[in-house]
Amino acid sequence: TGQAYVVDAGQLKSIDKGKLKWELTLKSKAQALMTVTKDDSVILLQGSRLSFIDSSGTEKFSMQLTTEEEGFDAPPSIDSQGRIYVASDKKLYCIE
């Protein structure tokens with residue numbers, strides 16, 4: 001579709017065919033790891049906070065996965081049933 005996503009200066013930006021489509025200010029300064037779905041939604045992980053942003057830039061949900069000390073170094077993944085998986089250095093989370 002020509003759409004790309006980038007995190008820059010504390011914002012998630014959607015660029016479509018070389019032009020800024022939308023931008024969303026991030027709630028955290030933690031490293032942003034993301035997965036883009038086939039409908040151009042973004043599953044964003046920053047530390048232990050998981051967010052789902054639709055293709056228009058609207059945050060549909062955001063949740064804290066844990067309050068424990070855990071490291072998150074891999075982007076989230078999604079299966080064919082729409083379940084989101086997030087791996088930390090201690091646990092595997094599944095959000096249905």
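As the structure is a prediction and not an experimental result, all values here were calculated from the model. (Residues numbered from 1 in each chain as written. Predicted model: local features only at pLDDT ≥ 70, side-chain atom pairs only at ≥ 80, totals over all residues. Heavy atoms only, no water.)

Chemist: Describe the overall build of the protein, and please don't skip the residues or the numbers.
Modeler: From N to C terminus, the protein includes 0 helices and 10 strands. Each helix (α) and strand (β) of the protein, taken in turn from the N terminus, gives the series β-β-β-β-β-β-β-β-β-β. Rg of the C-alpha trace for the protein: 13 Å, near the compact-globule value of 12 Å for 96 residues, within the 12% margin. Oriented by its inertia axes, the alpha-carbon framework of the protein measures out at about 40 × 30 × 20 Å. Burial statistics for the protein: of 96 residues in total, 38% are counted as buried. Long-range contacts, defined as pairs at least 24 residues apart, comprise 27% of the intrachain contacts of the protein with a sequence gap of at least 6. Approximately 5,900 Å² of the protein is accessible, and the part contributed by carbon and sulfur atoms is 49%. (Helix = DSSP H or I, 4+ residues; strand = E, 2+ residues; numbered from the N terminus. Rg over C-alpha atoms; globule rule 2.2 N^0.38 Å. Buried < 20%, exposed > 50% of the residue type's maximum accessible area, 1.4 Å probe, protein only. Contact = heavy atoms within 4.5 Å. Areas by Shrake-Rupley, 256 points an atom, 1.4 Å probe, with all protein chains shown as cover.)

Chemist: Could you give an account of the pattern of salt bridges, naming the residues involved and the relevant values?
Modeler: Under the criterion given, the structure shown has 4 salt bridges. Its salt-bridge partner being Lys27, residue Glu59 comes within 2.8 Å of it at the nearest N-O pair. Separated by 32 residues along the polypeptide, Glu59 in strand E7 (residues 59-64) and Lys27 in the loop between strand E3 (19-25) and strand E4 (32-36) bring together distant segments of the chain. Relative accessible area serves as the criterion here: at 31%, Glu59 is assigned to the partly exposed category. Lys27 sits in the exposed class, given a relative accessible area of 59%. Asp54 is the partner of Lys60 in a salt bridge, and the nearest nitrogen-oxygen pair spans 3.7 Å. By relative accessible area, which is 53% here, Lys60 ends up exposed. (Salt bridge = Lys/Arg side-chain N within 4 Å of Asp/Glu carboxyl O.)

Chemist: For the nonpolar core, give the residues involved together with the corresponding values.
Modeler: Listed in full, the 11 residues of the largest apolar core are Leu33, Ile43, Leu45, Leu50, Phe52, Leu65, Phe72, Ile84, Val86, Tyr93 and Ile95. Elements supplying a minimum of two residues to this core: strand E5 (42-46), strand E6 (49-53), strand E9 (84-87) and strand E10 (92-95). Tyr5, Leu12, Leu24 and Val42 belong to the second largest nonpolar core, which has 8 residues in total. (Core = buried A, V, L, I, M, F, W, Y, C linked by side-chain atoms within 4.5 Å.)

Chemist: Kindly report on the pairing of strand E1 (residues 3-8), identifying the contributing residues and their values.
Modeler: Bridge analysis of E1 against strand E2 (residues 11-16) gives 6 bridges, and the strand direction is antiparallel. Paired with Val7 across the two strands is Leu12, which belongs to E2. If you look at the hairpin formed by E1 and E2, you'll find 2 residues sitting between the two strands, and Ala9 has a positive phi there, around 55 degrees. (Pairing = 2+ DSSP bridges.)

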